[in-house]
Number of protein chains: 2
Amino acid sequence: MERLKCVIQYDGTNYSGFQIQPNGVTIQGKIEQALTKMHKGEYIRVIPSGRTDKGVHAMGQVIHFDTTIQIEAFKWKRALQTLLPADIKVKSVEKAEKTFHAQHDTIGKEYRYFVLHQKETDIFRRHYTYHVPFDLDVAAIQEACTYVLGTHDFTSFCSMKTHIKGEKVRTISEASCIKEGNELIFTFKGDGFLYNMVRILVGTFLAVGKGYFQPEDVREMLEAKDRTKSGMTAPANGLFLWDVLYK
Amino acid sequence: MERLKCVIQYDGTNYSGFQIQPNGVTIQGKIEQALTKMHKGEYIRVIPSGRTDKGVHAMGQVIHFDTTIQIEAFKWKRALQTLLPADIKVKSVEKAEKTFHAQHDTIGKEYRYFVLHQKETDIFRRHYTYHVPFDLDVAAIQEACTYVLGTHDFTSFCSMKTHIKGEKVRTISEASCIKEGNELIFTFKGDGFLYNMVRILVGTFLAVGKGYFQPEDVREMLEAKDRTKSGMTAPANGLFLWDVLYK
């Protein structure tokens, strides 16, 4: 028995999220199907670094699974890719320690969020950006980003639908927004993210950009520990799980 | 009764082409459905500048139709868009001459073809580019492009499945290929294009880039008037009907 660590990309557009569920096609379902086929019908369980929601994409999701198949790691990439649809891509497969755990061993994650900031919609970018046709004060957004840096209780930026009862303190090492052409690109790096946290942060920052909030209001939102004080949850389609870090 | 000229964009990924057909969802079908709804059930026929195939996109397709609805042209854009899916976009609607004909009055068209030229696939560009992982001699491709400029019989670059029995002489005013980052962008402008002509030109030029043909072979292909002498038909997903010109 060998444990493999695998980096995958996916276009979340046509999936009901990462995690297997009774109704709806999922990324986990597709990967487990492929692995089960490779293992001649034996069910192979896949563990991700964390779930992603319906419509959310990944540039560098990490999963692990155990296998009895005796092929070299470098041949795995192609073997697995052959059995996957065109919207899921295997970036790498490597042998891991037997104790490696894609979820428990993460020490950090990076998310990016893409906003299409122009008057007109772009039908060719509709699955990969959130279209915002309004004027935005980008400098105000950039100032707002600075208030979430460091260690805070992010209760105000966590969906009330979360199942996590534990502590909501997280440390954010990067929260930034750059303008590139007609796109705003948000980058968030931290030791962990709560349910919908990135999407609520982006929704709040965009509300700052529109003038509904002042940048420094973000500080008060954090202190309030109250989801109703922050902004709306930005849509899933602009969000990419960009990278997962391990020791 | 008024005739309207309408510029539309579409993402052809999920359609069986422009033209209505018994099986499969088409762009024409979607637009006629929307117009018929606006006209309280009266069937409204849509005439395009020309068809596009399954999977082909449009940045500036032109259609015309007749209407009895008495609203100002500038309100039409929004009224129609509201009834269309997210992958079809109305760019403009304007009142046209009663004799205007979207197909017969064209004096030229522009197509672009996008090649993703890198080793790795890009799942987020898969519907909008043709992925070519091989080395390509771009200078040879650019030279090959020059041989199709001017007026030629393009029989060798017309699908044998064409229904057109007429003359296959066309005048090409631009045929170019530029490298932009990891993309090759082909641009073709001419007074008209035969069935699959752009895709066969691109397939042939890429074969030149790979060294299967010499650039000057294109001249002989034109002279041969024989489809079997030219290259393969490049896939639909890289092709965009970019613009349609009228007097």
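Here the structure is a predicted model, which is why all the values come from computation and not from measurement. (Residues numbered from 1 in each chain as written. Chains lettered and ligands numbered in written order. Predicted model: local features only at pLDDT ≥ 70, side-chain atom pairs only at ≥ 80, totals over all residues. Heavy atoms only, no water.)

How should I be thinking about the packing of aromatic side chains in this particular structure?
The geometry of an aromatic ring pair is captured by the separation of the ring centres together with the interplanar angle, meaning the angle of the planes. Following the criterion strictly, the structure yields 26 aromatic pairs over all chains and no others. Here A:Tyr111 and A:Phe193 contribute two aromatic rings whose centre-to-centre distance is 5.1 Å and whose plane-to-plane angle is 80°, an arrangement assigned as edge-to-face. In this pair, A:Tyr111 sits in strand β5 (residues 106-116) while A:Phe193 sits in the loop between β9 (183-190) and α4 (197-210), placing the two residues 82 residues apart along the sequence. Of the two residues, A:Tyr111 and A:Phe193, both sit in the buried class. Ring plane angle 80° and centroid distance 5.5 Å describe the contact between A:Phe124 and B:Tyr128, whose orientation is recorded as edge-to-face. Linking A:Phe124 in the loop between β5 and β6 (130-131) with B:Tyr128 in the loop between β5 (106-116) and β6 (130-131), this pair reaches from one chain into another. Using a relative accessible area of 11% as the deciding quantity, one classes A:Phe124 as buried. Accessibility expressed as a relative area gives 3% for B:Tyr128, which makes it buried. Among the aromatic residues, those joined into a cluster by ring pairs are A:Phe114, A:Tyr128, A:Phe240, A:Trp242 and B:Phe124. (Phe/Tyr/Trp six-rings, centres within 6.5 Å; stacked < 30°, edge-to-face > 60°. Helix = DSSP H or I, 4+ residues; strand = E, 2+ residues; numbered from the N terminus. Buried < 20%, exposed > 50% of the residue type's maximum accessible area, 1.4 Å probe, protein only.)

Looking at this structure, I do not really get the interface of chain A and chain B. What am I missing?
Quite often, the size of an interface is put as the accessible area lost when its parts meet. Taken together, the contact pairs 19 residues of chain A with 19 residues of chain B. Summing both sides of the interface, chain A and chain B together bury roughly 1,500 Å²; the carbon and sulfur share of this comes to 55%. Connecting chain A to chain B are eight salt bridges. With its nearest N and O atoms 2.8 Å apart, the salt bridge here joins A:Arg126 to B:Asp11. Listing elements by their share of the side of chain A that touches chain B, those giving two or more residues are β1 (2-10), β3 (57-67) and β4 (88-96) of chain A. Looking at the side of chain A that touches chain B, the element that brings in the most residues is β3(A), giving three residues. Classifying every residue of the side of chain A that touches chain B by side-chain character gives eight nonpolar, four polar and seven charged. (Contact = heavy atoms within 4.5 Å. Buried area = accessible area lost by both parts, 1.4 Å probe. Salt bridge = Lys/Arg side-chain N within 4 Å of Asp/Glu carboxyl O. Nonpolar A, V, L, I, M, F, W, Y, C, P; charged D, E, K, R; others polar.)

I'm lost on the environment of A:Gly29 in this one. Help?
Within the secondary structure layout, A:Gly29 lies in helix α1 (residues 27-38). Remark: the alpha-carbon pair of A:Gly29 and A:Val46, spanning 17 residues in sequence, is separated by 9.0 Å.

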